[in-house]
2 protein chains.
Amino acid sequence: MQSKSGVFHFKAEAFRCNMLGYLPYQQMGTYMLDAADLHANERNFGMTYLMPRHLAWVLSRFTLEMTDMPRPAQPFEITTWVENTMKFFTSRNFKVTAGDHVLGYGRSIWAMIDTATRQPTNILEVRNGEMMQWVDSELECPIAPPTKFRFGPDCRLERSVETRYSDADINGHINSMRYIGMALDLFGPDWHREHYVRRLDAAYMAESHCGDVLNFYLEEAGDTIGVRIAKVEPATGDETDVCRCSILV
Amino acid sequence: MQSKSGVFHFKAEAFRCNMLGYLPYQQMGTYMLDAADLHANERNFGMTYLMPRHLAWVLSRFTLEMTDMPRPAQPFEITTWVENTMKFFTSRNFKVTAGDHVLGYGRSIWAMIDTATRQPTNILEVRNGEMMQWVDSELECPIAPPTKFRFGPDCRLERSVETRYSDADINGHINSMRYIGMALDLFGPDWHREHYVRRLDAAYMAESHCGDVLNFYLEEAGDTIGVRIAKVEPATGDETDVCRCSILV
């Protein structure tokens with residue numbers, strides 16, 4: 001029988017590392033999503049099973065807290081497991097290690113949607129609630145649950161970005177990890193040399209598509225920075241929040 | 001003894017695939033650079049050996065011709081070998097396979113520079129010309145040598161991009177594969193649905209840094225598109241070509 005948790009092996013490709021010589025959050029998040037996908041597919045609740053049934057996992061929250069990051073060509077492992085499953089949400093955790101060295105942890109919360117109606121589906125009805133058997137309540141994820149930045153009146157428009165082909169994922173939506181990359185792209189090379197991102201929380205609120213214009217709003221509060229990303233309706237200029245990040249430095 | 005060529009195993013991570021459901025050229029190129037780096041390091045002429053000696057490989061030309069691309073979670077292999085080495089240039093080829101299925105080929109030409117002076121170094125003087133022993137003249141790379149697009153007066157400015165943190169590589173230069181990504185980002189989702197890029201040639205002419213503004217010029221000639229990328233000197237507006245691409249669709 002399959003174990004509840006899965007361990008997946010990666011290697012930090014040199015040309016995915018940043019100017020500081022390590023994997024940036026966007027890239028680490030991409031490996032984590034890959035581990036999540038592999039873990040779920042191996043246990044028959046991944047995309048391979050869901051797609052033909054017009055179901056899909058949608059990422060709702062993503063938290064990363066890395067005390068260290070892999071260096072070029074360094075092998076590392078991502079352990080991932082389902083922490084809990086409820087009717088409309090499931091939480092999945094991550095532990096990143098390089099051998100004995102713990103590099104950090106991640107948390108994520110997912111909804112399941114019907115891809116035709118885009119409405120939430122009852123996770124516990126899929127395969128008669130078989131997912132419950134994978135819930136691992138023993139493994140520990142010692143980082144705090146997802147937090148939200150409280151945006152106030154000081155939130156300022158920092159940048160507008162027209163999204164492009166390379167920003168989109170396999171569904172034609174802007175890649176959820178790319179929002180994180182674009183949020184950190186609000187800061188120049190000097191800022192990145194002087195600040196190590198200790199933790200990043202992302203809340204995904206709506207989908208945006210390749211070609212959408214995104215407005216990035218920024219607000220600072222002590223050692224935490226909030227980035228609010230809104231897509232702009234071309235005809236009316238109306239804005240809809242698609243992603244909100246809280247960045248701890 | 002090490003074999004002349006090296007075979008490296010990868011897997012197309014789902015969240016690196018494009019909206020059409022396969023790895024885009026930028027991502028495939030990144031895996032190829034990784035294979036090149038691993039192959040060179042295993043034979044003591046990679047970054048690990050060169051960096052402490054203030055030497056570095058600099059990519060001069062890169063050609064990719066893919067008849068097919070890996071799909072999400074599909075394992076694939078990159079075979080890479082040195083085709084030839086001369087005083088100031090070495091050529092390295094790539095073959096991409098998924099089991100028995102050949103997906104495509106790549107060619108690359110590299111110079112070696114002194115990282116202090118940024119001047120070319122004699123490759124044959126490194127380790128007494130030991131690199132010559134790795135030249136594999138038996139493996140075949142059946143694609144045409146690198147070609148150049150002939151830019152004419154119809155070349156038009158298509159887009160200006162201020163480069164960001166996530167565009168830079170470990171040296172703080174704009175990632176060579178990111179130029180390819182940005183060149184293909186000149187085209188919208190509809191264009192990508194209607195056109196498969198059969199071949200891409202990139203010539204790297206100068207380095208640009210995170211924060212540089214890049215102008216993208218575009219010209220079409222039949223089924224080939226030329227993209228000329230120039231960095232803009234902020235004080236004077238003078239332009240220097242950093243990369244030229246020829247895209248065959």
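Please refer to the structure placed before this passage.
Below is a short write-up of the structure. Predicted, not measured: the structure shown is a model, and the values here were computed from it.

With that settled, the discussion passes to the overall build of chain A. Scanning chain A from terminus to terminus reveals four helices and ten strands. Ordering the α and β elements of chain A from the N terminus gives β-α-α-β-β-β-β-β-α-α-β-β-β-β. Relative to the compact-globule value of 18 Å for 249 residues, chain A shows a C-alpha radius of gyration of 18 Å, a close match. Along the first, second and third principal axes, the C-alpha atoms of chain A reach 50 × 45 × 30 Å. Going through the 249 residues of chain A one by one, you find that 57% of them count as buried. Within chain A, counting contacts between residues at least 6 apart in sequence, those at least 24 apart form 71% of the total. Surface accessibility of chain A: about 10800 Å² in total, with carbon and sulfur atoms responsible for 50%. Taking the average location of the 25 positive side-chain charges in chain A and that of its 33 negative ones, the two points are 2 Å from each other.

Residues and elements named next belong to chain B. Judged by how many residues are buried, strand 5 (residues 101–114) sits mostly within the fold: ten of 14 residues are covered. Pairing of strand 2 (residues 55–66) with strand 5 involves eleven bridges; the strand directions are antiparallel. From the neighbouring strand, E65 faces strand 5, where its bridge partner is Y105. Alignment of strand 4 (residues 90–98) against strand 5, held across nine bridges, turns out to be antiparallel. The partner of T97 across the bridge, within strand 5, is V102.

Below, the discussion takes up the sheet that holds strand 5 of chain B. All names here are of chain B. Here ten strands make up an open sheet; going across it, the order is 1-3-4-5-2-7-10-9-8-6 and the pairing antiparallel. On the outer flanks of this sheet lie strand 1 (6–11) and strand 6 (156–162), each paired with one strand and no other. The average angle at which neighbouring strand axes cross in this sheet is 25 degrees, direction not considered. Together, strand 1, strand 2, strand 3 (75–85), strand 4, strand 5 and strand 7 (199–204) form the strand contacts of helix 1 (residues 25–42), whose direction differs from that of strand 3 by roughly 60 degrees.

All names here are of chain A. With respect to the helices, strands and loops of the structure, F216 is situated in strand 8 (residues 213–221). With 57 residues separating them in the primary sequence, F216 and R159 have C-alpha atoms 5.2 Å apart. With sequence-adjacent residues up to four places away left out, F216 is seen in contact with R156, L157, E158, R159, V161, M182, A183, L186, V227, R228 and I229.

Time to look at the pattern of salt bridges. The full count for this structure, using the stated rule, is 34 salt bridges over all chains. Between E158 of chain B and R156 of chain B there is a salt bridge, with its nearest N and O atoms 3.1 Å apart. Where salt bridges share partners, they join E65, R199 and D201 of chain A into one cluster.

Screw-axis analysis of chain A against chain B gives a translation of 0.0 Å along the axis, an RMSD of 0.0 Å, and a rotation angle of 180 degrees. Look at the turn and shift together and you get a two-fold axis relating the two. Across chain A, the smallest distance between a C-alpha and the rotation axis is recorded for F10 of chain A, namely 4.8 Å. Comparing contact sets, 100% of the residues at the interface of chain A also lie at the interface in chain B, consistent with an isologous, same-surface contact.

It is worth spelling out the packing of helix 1 of chain B against helix 3 (residues 176–184) of chain B at this point. Residues and elements named next belong to chain B. Close contact between helix 1 and helix 3 brings their axes to 8 Å; oriented N to C, the two are set at 170 degrees. Classed by the angle they form, the pair helix 1 and helix 3 counts as roughly antiparallel. Only S176, M177, R178, I180, G181 and L184 of helix 3 make contact with helix 1, whose side of the interface consists of Y25, Q26, G29, T30 and L33. Among the residues making up the contact of helix 1 with helix 3, the classes are represented as five nonpolar, five polar and one charged.

Rules used in this analysis
Residues numbered from 1 in each chain as written. Chains lettered and ligands numbered in written order. Predicted model: local features only at pLDDT ≥ 70, side-chain atom pairs only at ≥ 80, totals over all residues. Heavy atoms only, no water. Helix = DSSP H or I, 4+ residues; strand = E, 2+ residues; numbered from the N terminus. Rg over C-alpha atoms; globule rule 2.2 N^0.38 Å. Buried < 20%, exposed > 50% of the residue type's maximum accessible area, 1.4 Å probe, protein only. Contact = heavy atoms within 4.5 Å. Areas by Shrake-Rupley, 256 points an atom, 1.4 Å probe, with all protein chains shown as cover. Lys, Arg positive; Asp, Glu negative; His and termini not counted. Charge placed at Lys NZ, Arg CZ, Asp CG, Glu CD. Pairing = 2+ DSSP bridges. Axes fitted to C-alpha atoms, helices over the stretch in contact; angles between N-to-C directions. Salt bridge = Lys/Arg side-chain N within 4 Å of Asp/Glu carboxyl O. Least-squares fit on C-alpha atoms with pLDDT ≥ 70 in both. Parallel < 35°, antiparallel > 145°, perpendicular 65-115°, else oblique. Nonpolar A, V, L, I, M, F, W, Y, C, P; charged D, E, K, R; others polar.

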